[in-house]
Amino acid sequence: MNKNVGGIDKLLRIIVGVVLIVLAITGTIGWWGYLGIIPLATGLLNFCPIYSIIGVKTACPLDKK
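Attention here is on the structure that accompanies the text. (Residues numbered from 1 in each chain as written. Predicted model: local features only at pLDDT ≥ 70, side-chain atom pairs only at ≥ 80, totals over all residues. Heavy atoms only, no water.)

### Regarding helix H1 (residues 8-26)
- The end-to-end C-alpha distance of H1, which contains 19 residues, comes to 27 Å, matching closely the 27 Å that a straight helix rising 1.5 Å per residue would cover.
- Those residues of H1 that fall on the buried side of the exposure criterion are Asp 9, Arg 13, Gly 17, Leu 20, Ile 21 and Ala 24. The buried residues of H1 occupy an angular sector of 95 degrees when the element is viewed end-on, so they sit on one face. Exposed residues pointing more than 90 degrees away from the buried face of H1 are listed as Ile 8, Leu 11, Ile 25 and Thr 26.
- Here the buried face of H1 lies against helix H2 (37-45) and helix H3 (49-54).
- Of the residues one or two after H1, Gly 27 is the one with positive phi, at around 85 degrees. (Helix = DSSP H or I, 4+ residues; strand = E, 2+ residues; numbered from the N terminus. Expected span 1.5 Å × (residues − 1). Buried < 20%, exposed > 50% of the residue type's maximum accessible area, 1.4 Å probe, protein only. Arc of directions from axis to C-beta. Contact = heavy atoms within 4.5 Å.)

Now the structure itself:
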């Protein structure tokens, strides 16, 4: 699993995921808010399966460990 999510993309995924989950827990939005688990997980893991399928990489090419 190569890192293909980085920087601002990672931060936005985490924020959107947490907001959707909180809104679902509080009942503000319906059950679909729990789909926020997907952007949250991809942000925390730095890997997006869809990005790897279509060949997108937002991680810095110099950020190799």
